[in-house]
There are 2 protein chains.
Amino acid sequence: MTGRARLVVIGGDAGGMSAAAQARRLQDGDALEIVVLEQGRDTSFSACGIPYWIGDLVGSREDLIARTPAEHEKRGITVHTGTRAQAVDLDAGTVTAADGRRFDYDTLLIATGGRPTRPPITGLDAPGVYGVHRLDDGAAIRAAIDELPTDRTPKAIVMGGGYIGLEMAEVLQTRGLDVSVVLADPLPMGLLDADMGERVCVAMRAMGFTVHTDQAVREVLTGADGRACGVRTDEGTYDADLVVLGLGMGPEARLAERAGLGIGVTGGIDVDATMRSRTHANVFAAGDCVQTYHQLTGEPAHVALGTHANKQGRVAGSVIAGRPARFAGVLGTALTKVGTLEIGRTGLCTSQADAAGFDSRTEVIEATTRAGYYPGAEDIAVKLVTESASGRLLGGQVVGGQGAGKRIDVLAAAVWAGMTADELAGSDLSYAPPFSPTYDAVAVAARVISRAERG
Amino acid sequence: MTGRARLVVIGGDAGGMSAAAQARRLQDGDALEIVVLEQGRDTSFSACGIPYWIGDLVGSREDLIARTPAEHEKRGITVHTGTRAQAVDLDAGTVTAADGRRFDYDTLLIATGGRPTRPPITGLDAPGVYGVHRLDDGAAIRAAIDELPTDRTPKAIVMGGGYIGLEMAEVLQTRGLDVSVVLADPLPMGLLDADMGERVCVAMRAMGFTVHTDQAVREVLTGADGRACGVRTDEGTYDADLVVLGLGMGPEARLAERAGLGIGVTGGIDVDATMRSRTHANVFAAGDCVQTYHQLTGEPAHVALGTHANKQGRVAGSVIAGRPARFAGVLGTALTKVGTLEIGRTGLCTSQADAAGFDSRTEVIEATTRAGYYPGAEDIAVKLVTESASGRLLGGQVVGGQGAGKRIDVLAAAVWAGMTADELAGSDLSYAPPFSPTYDAVAVAARVISRAERG
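Treat the numbers as computed from the prediction; the structure is a model and nothing was measured.

Undergrad: Just give me the short version of the pattern of salt bridges, but keep the residues and values in it.
TA: In the structure shown here, the tally under the stated rule is 46 salt bridges over all chains. A salt bridge links arginine 152 of chain A to aspartate 241 of chain A; the nearest nitrogen and oxygen atoms lie 2.6 Å apart. Placement of arginine 152 of chain A in the loop between helix 4 (135-146) and strand 10 (155-159) and of aspartate 241 of chain A in the loop between strand 15 (237-239) and strand 16 (242-245) is noted, with a sequence separation of 89 residues between them. Overall, aspartate 241 of chain A belongs to the buried group, its relative accessible area being 17%. The partner of aspartate 136 of chain B in a salt bridge is arginine 61 of chain B, and the shortest N-O contact between them spans 3.0 Å. You can see aspartate 136 of chain B sitting in helix 4 (residues 135-146) and its partner arginine 61 of chain B sitting in the loop between helix 2 (50-54) and helix 3 (69-74), a full 75 residues away along the chain. On the basis of relative accessibility, which here comes to 10%, the residue arginine 61 of chain B falls in the buried class. Here the salt bridges share partners, and the residues they tie into one network are Asp56, Arg142, Asp146 and Arg175 of chain A.

This is the structure we're talking about:
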């Protein structure tokens with residue numbers, strides 16, 4: 001190739017813009033032209049912040065935008081907003097936009113993000129049913145809240161009990177709605193073991209949420225005006241002024257698939273650890289649209305999370321600009337809160353450990369977040385999963401009051417490093433009465449499970 | 001030995017009672033008699049909680065007692081309170097109390113705790129000068145606060161800027177005193193690097209504390225009534241209604257030393273990893289009176305902390321009862337808060353890394369404790385120390401607002417496990433807007449220092 005190469009990036013959010021920014025950091029405009037095609041009008045926004053904007057905890061839409069198209073342009077990245085990539089010709093090396101424009105590339109980075117799960121339910125497309133995916137969704141829900149009846153307590157139904165579902169439940173309650181969470185699963189937070197999910201369910205009910213479990217929504221009911229007015233399950237019919245979808249997120253890889261790019265078993269674009277397509281060497285992908293791998297098992301995984309998207313984009317950008325880099329995989333670490341309850345998980349839960357072929361062991365302990373005598377000490381439960389024979393930590397789960405959630409990072413680091421429960425129990429974790437009892441809950445859990453291992 | 005053996009424990013606090021309880025758990029009364037000699041009237045109390053009792057955050061003295069002598073007795077441990085061990089005859093295997101009683105032992109466990117540092121300063125023994133070591137100290141300070149003048153703002157001087165000093169400064173301010181902290185050192189929190197200690201100093205001044213640095217107290221001034229009324233340094237004379245000592249804690253090993261037990265270079269009782277005396281095989285020691293070792297360097301260390309005392313006592317109790325156990329060393333992890341500022345450290349700071357012969361590298365980053373747009377996001381600074389060649393994490397320091405402090409545990413686990421900064425940067429730490437920006441501050445620090453290493 002003579003002259004400068006061109007990198008075309010499809011998707012201007014976390015994965016795409018991290019890649020673009022990193023490539024630009026390492027190569028200037030004379031060596032590499034960078035063109036981003038973004039279907040919406042925003043770049044680099046925090047989808048994770050949308051519930052908090054709806055909950056009035058975040059002042060404005062703009063607060064959720066880390067970097068605008070203009071700011072990217074200033075750094076030498078060309079951004080075409082409102083430009084939806086329609087087709088990719090992998091042989092010709094071109095991307096065709098919905099408006100017919102064609103963009104030639106030397107290197108392509110696909111960052112088309114995630115696709116909210118939408119089961120084939122009658123009425124799901126009715127007005128009054130909202131996703132929580134793009135900033136426009138947040139704006140629509142905010143507008144809908146402003147239009148709610150004021151002569152009675154308005155009702156919301158949240159479909160799904162993953163972290164988006166729980167966060168939406170929290171903020172809708174904050175905004176004065178009577179919130180029901182309707183789950184197809186037996187418990188909220190499906191990536192927790194059942195005993196830990198049960199704690200979440202009990203706490204949510206105590207906080208005033210109605211939780212309907214084991215009830216798939218069969219139909220979204222609509223009123224005379226065509227708007228959603230409730231849902232029907234096999235067990236009942238529930239009214240709602242507002243229906244919100246929090247059913248999880250799969251990879252949005254349809255464009256890539258249509259183009260003929262290799263797709264993995266999870267439905268995400270099949271890339272190696274350098275974020276390069278395994279089927280087309282000049283194509284990279286990053287973010288919620290890719291298939292990644294589990295750091296502990298090496299198995300394919302799909303986890304939609306801004307942190308991974310950022311890291312993967314950075315890796316792709318480095319590699320595209322000629323600097324070696326690898327994405328080291330995921331543990332499925334997740335953290336959220338609902339009301340005053342904090343919930344974290346990392347690594348393998350029991351069913352995942354079983355599926356991965358581990359002979360595993362679990363222990364749960366209950367403790368407090370601070371010294372028992374210190375004001376604000378709240379309950380915390382920590383569950384650990386270890387490999388029976390070696391004592392190696394496979395995963396951890398935390399449910400508790402303020403300060404509980406971030407403890408998951410200690411477990412995430414320990415699992416990542418391959419520590420045994422015994423090593424973690426012996427490790428020098430901090431102690432001061434405002435922060436933990438003499439033994440932190442994490443250390444207690446590690447000690448209990450290593451003692452159990454000893455028999 | 002025929003019949004049952006007798007374990008005598010000197011000291012009924014964390015180290016001693018953990019050992020006694022663990023030995024009792026593993027061996028019943030027919031096999032092992034356990035006799036504890038405690039000079040005071042309490043057992044198993046939280047010395048770390050004393051400042052918070054003084055600050056009225058803890059309701060009563062009793063709240064700080066985890067287990068009373070009667071509760072220990074119920075579990076088959078004989079406790080002699082008010083019984084001060086005066087001498088140990090290592091050849092005869094006897095302990096003589098101050099009141100003349102003699103206790104024969106087969107195995108001895110020494111848990112005489114720590115000794116507050118008291119420099120040879122005129123007036124230090126005057127009434128109105130208080131240590132913060134035993135519950136009686138707390139009661140004395142509480143009584144003194146009740147007697148303070150009410151027609152003006154009373155003044156307190158805290159000598160020392162370690163964690164006890166800072167905690168006392170906080171609670172005395174809470175109780176309405178005008179607090180000055182007087183330091184012989186250039187900065188508070190001497191186990192932080194100077195740039196991090198500077199952050200603490202600046203924050204303390206902003207919170208209304210007077211901080212006199214680089215000024216050793218030469219004399220405690222006393223009034224006509226003989227009570228302390230201020231201190232004199234080379235730079236000035238400062239009034240006080242109350243003088244509190246927070247100058248750190250050395251090992252209280254005088255009894256052991258007089259008996260002829262081996263003492264280490266730190267002044268603590270010289271024990272191996274099973275907490276057994278290196279010079280006398282039937283003598284164990286645990287808690288603030290022992291010399292332990294640094295997990296990373298293997299060098300002798302002395303760290304007075306309830307967590308270590310508990311763990312060491314448990315190890316000693318196990319070994320005494322015939323079950324193998326080892327104490328795995330310390331990283332010097334410490335966590336405290338002063339007002340709204342949280343301060344944590346683990347592993348080696350720069351000067352310690354130098355002293356240990358590491359070619360080290362440091363980086364400091366500034367971030368926020370939550371997503372920048374989320375309410376309550378506060379500043380956090382994270383400093384990392386790595387070995388230059390390998391990138392291995394040697395230590396970390398954290399200073400920041402609510403939620404900052406406990407992040408030190410992620411670093412403590414990572415240092416303990418021997419992770420490199422690059423590994424930590426790649427690890428799957430949690431993200432959700434109420435808990436961190438997309439990259440947690442710890443991950444940002446790890447990434448920055450590994451990039452720096454790459455050159």
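Undergrad: Mind laying out the packing of aromatic side chains, listing which residues take part and the relevant values?
TA: For any pair of aromatic rings, the description consists of the separation of the ring centres together with the inter-plane angle of the planes. Scanning all chains against the criterion turns up 2 aromatic pairs over all chains. Judged by centre distance (5.0 Å) and plane angle (80°), the ring pair of tyrosine 52 of chain A and tyrosine 374 of chain B falls under edge-to-face. Here tyrosine 52 of chain A, found in helix 2 (residues 50-54), pairs with tyrosine 374 of chain B, found in the loop between strand 24 (360-368) and strand 25 (379-387), and the two come from separate chains. Judged on exposure class, the residue tyrosine 52 of chain A and its partner tyrosine 374 of chain B are both buried. The ring of tyrosine 439 of chain A is capped by arginine 447 of chain A, whose NZ or CZ atom sits 4.5 Å from the centre of that ring.

Undergrad: How would you sum up the pairing of strand 11 (residues 178-182) of chain A? Please name residues and give values.
TA: All names here are of chain A. In terms of residue burial, strand 11 counts as a mostly covered element, since 4 of its 5 residues are buried. In terms of strand pairing, strand 11 meets strand 12 (residues 210-212) through 3 bridges, oriented parallel. What sits directly across from serine 180, in strand 12, is threonine 210. With helix 6 (residues 194-206) bridging strand 11 and the parallel strand 12, this β-α-β connection has right-handed handedness.

Undergrad: Before we move on, could you go through the packing of helix 1 (residues 14-26) of chain B against helix 8 (residues 306-320) of chain B and cite the residues and values that matter?
TA: Residues and elements named next belong to chain B. Their axes nearest at 7 Å, the elements helix 1 and helix 8 cross at an angle of 35°. The two elements helix 1 and helix 8 meet at a crossing, and its hand is right-handed. Across the interface between the two elements, Ala14, Gly15, Ser18, Ala19, Gln22, Ala23, Arg25 and Leu26 of helix 1 pack against Gly306, Ala309, Asn310, Gly313, Arg314, Ala316, Gly317 and Ser318 of helix 8. Broken down by class, the residue content of the contact of helix 1 with helix 8 amounts to 6 nonpolar, 8 polar and 2 charged.

Undergrad: Before we move on, can you summarise the environment of threonine 438 of chain A with the specific residues and values?
TA: Mapping threonine 438 of chain A onto the fold places it in the loop between helix 11 (421-426) and helix 12 (441-454). Residues threonine 438 of chain A and glutamate 38 of chain A, spaced 400 residues apart in sequence, show a C-alpha to C-alpha distance of 52 Å.

Undergrad: How would you summarise helix 5 (residues 163-174) of chain B if you had to cite specific residues and measurements?
TA: Residue and element names in this part refer to chain B. The end-to-end C-alpha separation of helix 5 is 16 Å, in line with the 16 Å expected for 12 residues at 1.5 Å each. All of the buried residues along helix 5 are Gly165, Leu166, Glu167, Met168, Ala169, Glu170, Val171 and Leu172. Taken from the residues just after helix 5, glycine 176 is the one with a positive phi, measuring 100°.

Undergrad: Tell me about the nonpolar core, and please be specific about residues and values.
TA: In terms of nonpolar packing, the biggest core is built from 74 residues, with Val382 and Leu424 of chain A together with Val382 and Leu424 of chain B touching the most fellow members. If sequence neighbours within four positions are ignored, leucine 424 of chain A has contacts with Leu393, Val410, Leu411, Ala414, Met419, Val442 and Ala446 of chain A.

Undergrad: Please provide a residue-by-residue account of the interface of chain A and chain B, values included.
TA: Across the boundary between the two partners, chain A contributes 58 residues, which contact 58 residues of chain B. Carbon and sulfur atoms supply 61% of the area buried between chain A and chain B, which totals about 5200 Å² over both sides. Contact with chain B buries surface across chain A, with Tyr373, Asp428 and Phe435 of chain A losing the most and accounting together for 15% of the total. Inspection of the region where chain A meets chain B yields 2 salt bridges. Two residues, aspartate 440 of chain B and lysine 406 of chain A, come together in a salt bridge whose shortest N-O distance is 2.4 Å. Counting the contacts that link chain A with chain B gives 24 residue pairs in polar contact (both at pLDDT 80 or more). Those elements giving two or more residues to the side of chain A that touches chain B turn out to be helix 8 (306-320), strand 22 (334-338), helix 10 (408-417), helix 11 and helix 12 of chain A. Top contributing element to the side of chain A that touches chain B by residue count: helix 10 of chain A, with 7 residues.

Undergrad: Residues and numbers for the sheet that holds strand 16 (residues 242-245) of chain B, please.
TA: Each strand in a sheet pairs with another by means of backbone hydrogen bonds, the pair being arranged parallel or else antiparallel. Residues and elements named next belong to chain B. Here 5 strands make up an open sheet; going across it, the order is 9-16-10-11-12 and the pairing parallel. Where the open sheet ends on each side, the last strands, each with one partner, are strand 9 (129-130) and strand 12 (210-212). Sheet strands in contact with helix 5 are strand 10 (155-159), strand 11 (178-182) and strand 16, and its direction is about 170° off that of strand 10.

Undergrad: Can you explain the side chain of aspartate 428 of chain A? Please cite residues and give values.
TA: Summarising the element assignment, aspartate 428 of chain A is placed in the loop between helix 11 and helix 12. Buried and unpaired, aspartate 428 of chain A has lysine 311 of chain B as its nearest opposite-charge partner, separated by 5.3 Å. A distance of 3.0 Å separates the side chain of aspartate 428 of chain A from the backbone nitrogen of glycine 332 of chain B, its partner in a polar contact. The contact partners of aspartate 428 of chain A, leaving out residues within four places of it in the chain, are His308, Lys311, Val330, Leu331, Gly332, Thr333, Ala412 and Trp416 of chain B.

Thresholds, definitions, all that
- Residues numbered from 1 in each chain as written.
- Chains lettered and ligands numbered in written order.
- Predicted model: local features only at pLDDT ≥ 70, side-chain atom pairs only at ≥ 80, totals over all residues.
- Heavy atoms only, no water.
- Salt bridge = Lys/Arg side-chain N within 4 Å of Asp/Glu carboxyl O.
- Helix = DSSP H or I, 4+ residues; strand = E, 2+ residues; numbered from the N terminus.
- Buried < 20%, exposed > 50% of the residue type's maximum accessible area, 1.4 Å probe, protein only.
- Phe/Tyr/Trp six-rings, centres within 6.5 Å; stacked < 30°, edge-to-face > 60°.
- Lys NZ or Arg CZ within 6 Å of the ring centre and 35° of its normal.
- Pairing = 2+ DSSP bridges.
- Right-handed = clockwise from strand over helix to strand, strands pointing away.
- Axes fitted to C-alpha atoms, helices over the stretch in contact; angles between N-to-C directions.
- Left-handed = near helix turned anticlockwise from the far one by under 90°.
- Contact = heavy atoms within 4.5 Å.
- Nonpolar A, V, L, I, M, F, W, Y, C, P; charged D, E, K, R; others polar.
- Expected span 1.5 Å × (residues − 1).
- Core = buried A, V, L, I, M, F, W, Y, C linked by side-chain atoms within 4.5 Å.
- Buried area = accessible area lost by both parts, 1.4 Å probe.
- Polar contact = N/O pair within 3.5 Å; in protein donor to acceptor, adjacent residues only side chain to side chain.
- Lys, Arg positive; Asp, Glu negative; His and termini not counted.

Everything listed here is a matter of coordinates, which is why it stays silent on function.
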